[in-house]
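Chain by chain, the residues run as shown.
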Amino acid sequence: QVQLVESGGGLVQPGGSLRLSCAASGRIFSINFMGWYRQAPGKQRELVALITSGGITDYADFVKGRFTISRDNAKNTVYLQMNSLKPEDTAVYYCKAVYGTYGSSWGQGTQVTVSS
């Protein structure tokens, strides 16, 4: 099992920045990739960005050039740096880890609200 704890959400004005953190514990050696997803009210959960165990990253088109996913292996933590935030980025952001053959875990979610 892998446990995930997110932090860093909050209220920010349009054009502002936030950094989300996702701390992993448990069977971290078996993690294949970690990703950030988001879910806005009335919408499906969608992938925002992911980073593989080899350091390869990928982003949804709607965040390319604005968001950056990174990791600190010493802290077992993955970050999502969000710049140039827009009101449409408002959502609950979730961290997900995929590990082993079929395992996956979700964090509890952190609210990001972009509003003036």
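Residues numbered from 1 in each chain as written. Predicted model: local features only at pLDDT ≥ 70, side-chain atom pairs only at ≥ 80, totals over all residues. Heavy atoms only, no water.

### A closer look at the nonpolar core
Move 1: Core analysis: the largest hydrophobic core is formed by 29 residues, its most contacted members being Met-34, Trp-36, Leu-80, Met-82 and Tyr-93.
Move 2: Counting residues per element, the ones that place at least two in this core are strand E1 (2-7), strand E3 (18-26), strand E4 (31-39), strand E5 (46-52), strand E7 (67-72), strand E8 (77-82), strand E9 (91-99) and strand E11 (110-114).
Move 3: Among the elements that take part in this core, E9 stands out by supplying five residues, more than any other.
Move 4: With residues near it in sequence (within four places) discarded, Tyr-93 still touches Glu-6, Leu-20, Trp-36, Tyr-37, Arg-38, Val-48, Phe-67, Leu-80, Met-82, Gly-109, Thr-110 and Val-112. (Core = buried A, V, L, I, M, F, W, Y, C linked by side-chain atoms within 4.5 Å. Buried < 20%, exposed > 50% of the residue type's maximum accessible area, 1.4 Å probe, protein only. Helix = DSSP H or I, 4+ residues; strand = E, 2+ residues; numbered from the N terminus. Contact = heavy atoms within 4.5 Å.)

### Let's talk about the packing of aromatic side chains
Move 1: For the structure shown, the criterion picks out two aromatic pairs.
Move 2: Relative to Trp-106, the ring of Tyr-37 has its centre 5.0 Å away and its plane inclined at 65°; by these criteria the two rings are edge-to-face. One end of the pair, Tyr-37, is in strand E4; the other, Trp-106, is in strand E10 (residues 103-106), with 69 residues separating them in the sequence.
Move 3: Ring geometry for Tyr-94 versus Trp-106: centroids 6.3 Å apart, planes at 90°, classification edge-to-face. Of this pair, Tyr-94 sits in strand E9 while Trp-106 sits in strand E10; the two residues are 12 residues apart in sequence, bridging distant segments of the chain.
Move 4: Given a relative accessible area of 15%, Tyr-94 falls into the buried group. (Phe/Tyr/Trp six-rings, centres within 6.5 Å; stacked < 30°, edge-to-face > 60°.)

### A word on the side chain of Ser-30
Move 1: Assignment of secondary structure puts Ser-30 in the loop between E3 and E4.
Move 2: Here Arg-27 takes part through its backbone oxygen, which lies 2.7 Å from a polar atom of the side chain of Ser-30.
Move 3: In this structure Ser-30 touches Val-98, Tyr-99 and Gly-100, once residues within four positions along its chain are discounted. (Polar contact = N/O pair within 3.5 Å; in protein donor to acceptor, adjacent residues only side chain to side chain.)

### A few points about the pairing of E8
Move 1: Judged by how many residues are buried, E8 sits mostly within the fold: five of six residues are covered.
Move 2: Across six bridges, E3 lies against E8 in antiparallel orientation. If you follow Leu-20 over to E8, its bridge partner there is Leu-80.
Move 3: In this structure, E7 lies alongside E8, joined through six bridges in antiparallel fashion. When the bridges of E8 are listed, Ile-69 appears paired with Leu-80. (Pairing = 2+ DSSP bridges.)

### Thoughts on the environment of Phe-62
Move 1: Its place among the elements puts Phe-62 in the loop between strand E6 (57-59) and E7.
Move 2: Note: C-alpha distance between Phe-62 and Asp-89 (27 residues apart in sequence) is 9.3 Å.
Move 3: Those residues in contact with Phe-62 that lie beyond four places of it in its chain are Arg-38, Glu-46 and Leu-47.

### Focus: the environment of Thr-52
Move 1: Following the sequence through the fold, Thr-52 ends up in strand E5.
Move 2: Owing to a relative accessible area of 22%, Thr-52 belongs among the partly exposed residues under this scheme.
Move 3: Between the C-alpha atoms of Thr-52 and Tyr-37, which are 15 residues apart in sequence, the distance is 15 Å.

### Side note on the state of the cysteines
Move 1: The full count for this structure, using the stated rule, is one disulfide.
Move 2: Sulfur-sulfur distance for the disulfide between Cys-22 and Cys-95 comes to 2.1 Å. Disulfide Cys-22-Cys-95: torsion about the S-S bond near -80°, hence left-handed. Of this pair, Cys-22 sits in strand E3 while Cys-95 sits in strand E9, and the two are 73 residues apart along the sequence. Here Cys-22 and Cys-95 have matching classes, each one buried. (Disulfide = S-S within 2.5 Å.)

Remember that the coordinates give geometry; whether it matters functionally is a separate question.
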